[in-house]
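Below are the chains, spelled out letter by letter.
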Amino acid sequence: MYDPNELTMQEEELKRIWNTSADQNMVKINIKELIRDMKSTMDKFDNKIRKRDITEIFGALGAIFFFAYIGYEFPFPSSKVASIIGIAWGIYVIYRLKSAQKSKKPDDFTQTIEEQLEEHKKHLQGQKKLLSTVWYWYVLPPFLSNAILFIGMGDPGEYDWTPTIFSPPYSIGQLLLILGFLVLIYGYIIWLNLKAVRVNIQPAIQEVEQMQRQMSEN
């Protein structure tokens with residue numbers, strides 16, 4: 001004879017084991033899908049970063065040649081100071097971007113999933129720091145250089161200059177207008193970079209951290 005209650009208990013236990021196993025498999029599948037999506041997103045992100053860096057490096061090289069010309073052509077002491085700041089800034093921008101590129105380690109498929117997630121997060125955090133601090137390393141030096149250049153611009157008779165309505169030496173009103181325009185341009189650059197951090201990079205960091213929590217819980 002058998003106990004019907006005992007059979008029912010065994011059936012319930014089998015169902016529980018089956019459901020638990022199915023849930024675990026679904027969790028594993030979901031995590032794999034999340035990681036696959038993350039790697040695809042990171043590849044697109046890295047491509048954008050490479051294109052941005054190439055553009056910025058060429059821009060910095062152009063600035064170096066421009067300020068070298070300013071320092072050579074214009075005879076004023078302020079022009080020499082402005083050119084030195086501008087050239088030093090261009091060199092530093094190239095160095096800073098190259099350093100950020102080197103800090104990203106190539107994909108290592110021998111790493112565990114947790115280690116790969118941590119590497120991706122570090123890379124994103126590095127880009128966040130880079131963009132969050134553009135005001136002092138990317139914006140302030142060229143702003144100062146341009147401000148010094150315009151403020152110290154002397155008599156155009158001392159060099160070859162085609163007369164215009166804004167021919168130097170500038171009046172106080174013209175200088176304020178020029179400096180205000182520079183503030184707007186460089187302020188907009190800061191805003192764009194902070195927006196990129198807020199809209200793109202910070203959500204990506206949070207997504208990686210969410211995956212890390214899911215991995216630790218399972």
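Structure shown above.
Residues numbered from 1 in each chain as written. Predicted model: local features only at pLDDT ≥ 70, side-chain atom pairs only at ≥ 80, totals over all residues. Heavy atoms only, no water.

## Regarding the nonpolar core
Phase 1 of the analysis: Phe74, Val93, Leu97, Trp137, Tyr138, Leu149 and Met153 are the most contacted members of the largest nonpolar core, which has 26 residues in total.
Phase 2 of the analysis: Of all the secondary-structure elements, those providing two or more residues to this core are α1 (4-73), α2 (77-103), α4 (134-151) and α5 (172-217).
Phase 3 of the analysis: Once residues within four sequence positions are removed from consideration, Leu97 is found in contact with Arg52, Asp53, Glu56, Ile57, Leu130 and Trp137.
Phase 4 of the analysis: Among the nonpolar cores identified, the runner-up in size contains 13 residues, and Phe45, Ile49, Val197 and Val208 belong to it. (Core = buried A, V, L, I, M, F, W, Y, C linked by side-chain atoms within 4.5 Å. Buried < 20%, exposed > 50% of the residue type's maximum accessible area, 1.4 Å probe, protein only. Helix = DSSP H or I, 4+ residues; strand = E, 2+ residues; numbered from the N terminus. Contact = heavy atoms within 4.5 Å.)

## A short note on the packing of helix α3 (residues 113-132) against α5
Phase 1 of the analysis: At their nearest, the axes of α3 and α5 sit 9 Å apart, and the two run at 160° to each other. By the angle between their axes, α3 is roughly antiparallel relative to α5. In this structure, α3 crosses over α5, and the sense of that crossing is left-handed.
Phase 2 of the analysis: When the residues that make up the contact of α3 with α5 are grouped by side-chain class, the tally is 13 nonpolar, six polar and five charged. (Axes fitted to C-alpha atoms, helices over the stretch in contact; angles between N-to-C directions. Parallel < 35°, antiparallel > 145°, perpendicular 65-115°, else oblique. Left-handed = near helix turned anticlockwise from the far one by under 90°. Nonpolar A, V, L, I, M, F, W, Y, C, P; charged D, E, K, R; others polar.)

## Focus: the layout of surface pockets
Empty pockets left among the atoms are what a rolling probe the size of a water molecule brings to light.
Phase 1 of the analysis: Here the largest pocket is characterised by a volume of approximately 500 Å³.
Phase 2 of the analysis: In this structure, the largest pocket is lined by 20 residues; those nearest its centre are Ile49, Arg52, Leu131, Ala196 and Asn200.
Phase 3 of the analysis: It is α1 that contributes the most residues to the lining of the largest pocket, eight residues altogether.
Phase 4 of the analysis: Considering only residue class, the lining of the largest pocket consists of 13 nonpolar, three polar and four charged. (1 Å grid on protein atoms, 1.4 Å probe; cavity = no way out; pocket = protein on both sides within 12 Å on 5 of 7 lines; lining within 4 Å. Points joined across faces, edges and corners; volume = space filled by probe spheres on them.)

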